[in-house]
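Listed here are the chains, written in short residue letters.
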Amino acid sequence: MEDEMIKVLIVDDSAVVRQGLTEVLEADPAIEVIGAAADPYLAVEKMRRLKPDVITLDVEMPRMDGITFLRKLMSQHPIPVVICSSLVGEGSDTQIKALEYGAVDIIAKPAFGTRQFLQESRTRIQDSVKAAAEARLKKLPVMQSRQSQPKLSADAVLSSSSIRPMTETTEKIVAIGASTGGTEAVRVILEAMPANCPALAIVQHMPEGFTRSFAKRLDQLCDIKVKEAEDGDTLLRGHALIAPGNRHMLIQRSGARYYVQLRDGPLVTRHRPSVDVLFRSAARHAGRNALGVILTGMGDDGAAGMLEMREAGAATLGQDESSSVVYGMPREAFARGGVEHQFPLSQMASALLKVTGM
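Residues numbered from 1 in each chain as written. Predicted model: local features only at pLDDT ≥ 70, side-chain atom pairs only at ≥ 80, totals over all residues. Heavy atoms only, no water.

The name given to the protein chain in an unreviewed UniProt entry is Protein-glutamate methylesterase/protein-glutamine glutaminase, with Marinobacterium alkalitolerans as the source organism. Within the UniProt record for the protein chain, the comment given under Sequence similarities (unreviewed entry) is "Belongs to the CheB family." The Subcellular location (unreviewed entry) comment attached to the protein chain in UniProt states, word for word, "Cytoplasm". (UniProt positions renumbered as here; feature names shortened; annotations may be inferred.)

A.B. asks: Could you clarify how one ought to interpret the sheet that holds strand S1 (residues 6-11) in this entry?
C.D. replies: In a beta sheet, neighbouring strands are held together by backbone hydrogen bonds and run either parallel or antiparallel to one another. Taken together, the 5 strands give an open sheet; going across it, the order is S2-S1-S3-S4-S5, and neighbouring strands pair in parallel fashion. The sheet is open, and its two edges are formed by strand S2 (31-37) and strand S5 (105-108), each paired on a single side. Ignoring strand direction, the axes of neighbouring strands in this sheet form an average angle of 20 degrees. Bridge count for S1 against strand S3 (residues 54-57) is 4 bridges, and the pairing is parallel. In the strand pairing of S3, Val8 is matched with Val54. Strand contacts of helix H2 (residues 40-50): S1, S2 and S3, with the helix running at about 160 degrees to S1, the strand carrying the most contacts. Along the sheet face, helix H3 (residues 66-76) touches S3 and strand S4 (81-85) and points at about 155 degrees away from the line of S3. (Pairing = 2+ DSSP bridges. Helix = DSSP H or I, 4+ residues; strand = E, 2+ residues; numbered from the N terminus. Axes fitted to C-alpha atoms, helices over the stretch in contact; angles between N-to-C directions. Contact = heavy atoms within 4.5 Å.)

A.B. asks: Which parts of the structure should I look at to understand the pairing of strand S9 (residues 239-242)?
C.D. replies: If a strand is regular, its side chains alternate between the two faces of the sheet. Across 3 bridges, the pairing between strand S7 (residues 199-204) and S9 is parallel. Across the sheet, residue Leu200 finds its bridge partner in S9, namely Ala240. Looking at chain direction, strand S8 (residues 225-228) and S9 are connected through 4 bridges and run parallel. Directly across from Glu228, in S9, lies its bridge partner Ile242.

A.B. asks: Would you explain the nonpolar core in this entry?
C.D. replies: Across soluble globular proteins, nonpolar side chains show a tendency to be buried alongside one another. Leu190, Met193, Leu200 and Leu352 are the most contacted members of the largest nonpolar core, which has 57 residues in total. Setting aside anything within four residues of it in sequence, one finds Leu200 in contact with Val174, Ile176, Leu190, Met193, Ile224, Leu235, His239, Ala240, Leu241 and Leu352. Counting residues in each nonpolar core, the second largest holds 29 residues, with Leu235, Leu262, Ala282 and Ile294 among its members. (Core = buried A, V, L, I, M, F, W, Y, C linked by side-chain atoms within 4.5 Å. Buried < 20%, exposed > 50% of the residue type's maximum accessible area, 1.4 Å probe, protein only.)

A.B. asks: Which parts of the structure should I look at to understand the confidence of the model for the protein chain?
C.D. replies: Keep in mind that low pLDDT regions are not for reading the predicted coordinates in detail. Of the residues in the protein chain, 88% have a pLDDT of 70 or more, and the chain-wide mean is 87. Within the model, pLDDT remains below 50 along residues 142-168, and this stretch shows 57 contacts once partners closer than five positions in the same chain are excluded. (pLDDT = per-residue confidence, 0-100.)

A.B. asks: What exactly am I supposed to notice about the pattern of salt bridges here?
C.D. replies: Opposite charge on two side chains makes pairing possible when the charged atoms of those side chains draw close. Applying the stated criterion across every chain yields a total of 16 salt bridges. A salt bridge links Glu191 to Arg187; the nearest nitrogen and oxygen atoms lie 2.4 Å apart. Here Glu191 and its partner Arg187 are both found in helix H8 (residues 182-191), 4 residues apart, which amounts to about one turn of the helix. Residue Arg187 is classed as buried on the basis of its relative accessible area of 9%. Of the charged contacts, one joins Asp300 and Arg336 as a salt bridge, the two residues approaching to 3.1 Å between their closest N and O atoms. Taken together, the positions of Asp300 in the loop between strand S12 (290-294) and helix H11 (303-311) and Arg336 in the loop between helix H12 (329-335) and strand S14 (341-343) put the pair 36 residues apart, joining distant regions of the chain. What makes Asp300 partly exposed here is its relative accessible area of 31%. Each of Glu184, Arg187 and Glu191 takes part in one network of salt bridges that share partners. (Salt bridge = Lys/Arg side-chain N within 4 Å of Asp/Glu carboxyl O.)

Right, here's the structure in full:
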């Protein structure tokens, strides 16, 4: 994709949205909108003829809804899809279903003022499409259920601390960072965790409101307890805490107790929550008692923090290129020397448990 423009097909029943998305996407010189369709049936015809690299897809459309179309598409002819819909906001399960069925990313647009939103979210939309274009798609199984802190500057969030990691305790904690494609990767790892596994703190790049539904769904699937983190939550064996969207999450320590602290503040490495913030706090407050794991994702968030973890004596693992949806974050962390060992996703859980002495 580096030498060619990314060809995008827009699927949305609103002419206003189709026009607005076209303007936003074509403002990026690396993106070309090659067509638009008002429903999935028209989209299939245009896909055959135009062969897009990425599709942007609405959910509520005539003749067939976007989630049904996505499921059919990913089970037959996988293609990177970015969902752009007003039905994927806070409290909705639709966004989780879309990720389960293979959407690379989700953009929650408002029910009103959509055109203004598209213009204001230009960079976010462009970045989502470019990340999707790099995705390595697989026919993934659908998940099935079983029966306040003050605002800080970026420098303050990332500044060096005089607190040295304490290593008197042998209790292990695991810090995991992920972005594009990470919802599936995190699920695979957490489903393999035994009930007495080390405590896990996870940053998955997701918008505010999405992380709560994500955590609830994982809690239904896993033997361990999974929840969206709250400020002051203790890191416990058999528990996973997921950073809330739009809040940085840090690992802190009080005596033998590890806990998480949530903070507002500016974006760090273009994200909030940031993997770098999580990893750097683990380096400072857990040192060699921590394990860092960096999974699939676009960009370099987590690379600097993982290097700090390794320099503090922590073990560090990265997802390999062949199993990553987007081999961006793991590649950058490996290139900078932060990743000690790389594993395919299918082996990551067993490697994690082995490193932590399970």
